[in-house]
Amino acid sequence: MRSDDVFNLIERIAATTKKTEKVRLLKEHWDDVTLRQVLVRAYNPNITYGISASVAMFIEPAEVDIDCDFVDEMDMDTEDLLLGLECRTYTGTRALDKVAEALSHLTWESQELLRRIIAKDLRAGINDSTINEAIPGLIPEYPYQRCTLLKKVKPEKFDWKKCVFSQLKADAMFVNVTYEDNGRVWFSSRQGKEFRMEGFRSLVEAVKVSLTPGYQYHGEIMVFRDGKLLPRKDSNGLINHVNEGGLLLTNEEARIMLWDEVPLQFVIPGGRYDVGYEYRFDRLETQLEHAGNLLTLIPTRVVHSLREAIEHAVEIQSEGGEGTVFKDPWAPWQDGTSPWQVKVKLEVDVDLRITGLAPGTGKFASTFGSLVVETSDGLLVTKASGLKDKERQDIFDNWPRDQGAIATVRANDLSEIPGQTAALMHGRFVEIRKDKSQADTLDQVRDQFESAKQGK
């Protein structure tokens, strides 16, 4: 196929919502060299071009004087461009200029196809597993054990009497730490993208000193500055900066928190390691006992009931964390979603009456910062933030239309201090309930949180 034909096929694939039909269309052309090249360049996680998707999709063709007959489909020159971007021969403004020049020599269909390749998304509703179902082995797939949600498991099946591990759900960047038998250490993302190891030499040495070769270790990588953990956005930004060829400053340090280890022979698509988590965790804990700050064990608590597990999650959330994950001691490691590894993030929706607008600062100084809401008995008064800009402006412009209205507020916990009015922890506005006229009482709010903590 010509590249224009590939684009038209991609559009046909995008037009159907059925995975079976997408696979059928790909299978029909499984041996087409151009299609295979396009799929590999767009979906192989180890091929990147140094241009963000948001930028790639809006690059315009350069304004050059060319013969109309010269406008054609993607050719070898385009492949040279992609190789130059991949190898970072072209970066920054030069890269954008090279893409714009290439676009000026292409048909509209091939222009759009090139943009989507660089953006790493053909916009066809397909991914590596869809492609490999049609053309086996074309795109590298990387095993990863996902958490399941509390509502999808039966907690009574967990061995609470023995012990269940409740761990911090780290809010950083997931990392695979692979330590081969030959001594090579390398890091990769959840999607299999390899890190630029020159920027993480201290971590590599720490792995070689503390951990056992022949295993892959799973954890979160994060950056500390002056000994303090940076916010997720800043930390991940610096890790990406290192992976693009930059370096951390002398007062910045990358560290990894680990929670699992799996022998490399089991780290394959569909793989499963039938050794219980308690053994894997204990072995990892022993290895990290004297590892220092660069490699640490994920903060972990042993719990003996679902209530204790949920209370741990609430505690983490009250400290600004995302939540927890609890794991059964007998749980194997497996590629895919594990029913024995459960993500917990307590959130309860309550209905409260809007009674006022709290003053805003900065961007919101001209409107308001948050809604003041309370229970029908007035025993709980709190603030609800998280409004979208349009919602905030609409409420402000039409106040006091919404004064006295019922709003659904989502929160992580209830705060009650003797002698003080009760409040919600991290209350976020969800919506105004025009179908309701009665707010919850404090007792009703208590009951809802108590029910949530029981896993109901």
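Scroll up for the structure.
Rules behind the numbers
- Sequence order sets the numbering: in each chain, residues are counted from 1 along the sequence as written.
- With pLDDT at 70 or above as the cut-off, local features in this predicted model cover only qualifying residues; side-chain atom pairs require 80 or more to be listed or tallied, and sums for whole chains, interfaces and linings still use all residues.
- In computing side-chain properties, one takes all heavy atoms of the structure into account and sets aside hydrogens as well as water.
- DSSP-based pairing: two strands are paired if at least 2 bridges between them are found.
- Here a strand is any run of E in DSSP of at least two residues, a helix any run of H or I of at least four, and the numbering for each starts at the N terminus.
- In this description, a line fitted to the C-alpha atoms serves as the axis of each element, helices being fitted only across the stretch in contact, and the angle between N-to-C directions of two axes falls anywhere from 0 to 180 degrees.
- Contacts: residue pairs with any heavy atoms within 4.5 Å of one another.
- Put simply, buried Ala, Val, Leu, Ile, Met, Phe, Trp, Tyr and Cys residues joined by side-chain atoms within 4.5 Å make one nonpolar core.
- The buried label applies to any residue whose accessible area, calculated with a 1.4 Å probe on protein chains only, is under 20% of its type's maximum; exposed applies above 50%, and partly exposed to all values in between.
- Any residue with an atom within 4 Å of a point lines the site, the site being either a cavity, points on a 1 Å grid over the protein atoms alone where a 1.4 Å probe fits but cannot get out, or a pocket, an open set with protein on both sides within 12 Å along at least 5 of 7 lines.
- Grid points are joined across faces, edges and corners, and a volume is the space filled by probe spheres set on the points.

Brief notes about the sheet that holds strand S17 (residues 406-411)
The strands that make up a sheet are held in pairs by hydrogen bonds between backbone atoms, and each pair lies either parallel or antiparallel.
In step 1: In spatial order, the strands read S16-S15-S14-S17-S20; together these five strands make up an open sheet with antiparallel pairing. For this open sheet the edge positions go to strand S16 (381-384) and strand S20 (428-432), each flanked by a neighbour on one side alone. Going across the sheet, the axis of each strand differs from the next one's by a mean of 45 degrees, ignoring polarity.
In step 2: Across the sheet, helix H14 (residues 442-453) lies against strand S14 (348-358) and S17, angled at about 140 degrees from S14, the strand it touches most.

With respect to the nonpolar core
In step 1: Ranked by size, the top nonpolar core spans 42 residues in total, and within it Leu39, Leu85, Ile118 and Leu122 carry the most contacts.
In step 2: Contributions of two or more residues to this core are made by helix H1 (3-15), helix H2 (19-28), helix H3 (33-43), helix H5 (76-86), helix H6 (92-103), helix H7 (108-119) and helix H8 (128-134).
In step 3: Apart from residues no more than four positions distant in its own chain, Ile118 is found in contact with Tyr49, Ile51, Ala56, Leu82, Leu85 and Val99.
In step 4: Ranked by size, the runner-up nonpolar core spans 37 residues in total, among them Ile310, Ala313, Val373 and Ala384.

Brief notes about the side chain of Gln287
In step 1: Tracing the backbone shows Gln287 in helix H11 (residues 277-287).
In step 2: The buried category is assigned to Gln287, whose relative accessible area is 14%.
In step 3: In this structure Gln287 touches Ser210, Leu211, Thr212, Tyr217 and Glu261, once residues within four positions along its chain are discounted.

Observations regarding empty space enclosed by the protein
Here the idea is plain: a probe the size of a water molecule rolls over the atoms and shows the empty space left.
In step 1: This structure, assessed with the given rule, holds one cavity of 30 Å³ or more.
In step 2: Computed from the structure, the largest cavity encloses a volume of approximately 40 Å³.
In step 3: Lining the largest cavity are Gln145, Tyr277, Arg280, Lys327, Ala331, Pro332, Ser338, Trp340 and Gln341.
In step 4: Elements that contribute at least two residues to the lining of the largest cavity include exactly H11 and strand S13 (336-344).
In step 5: When residues in the lining of the largest cavity are grouped by element, the largest group, three residues, is from S13.

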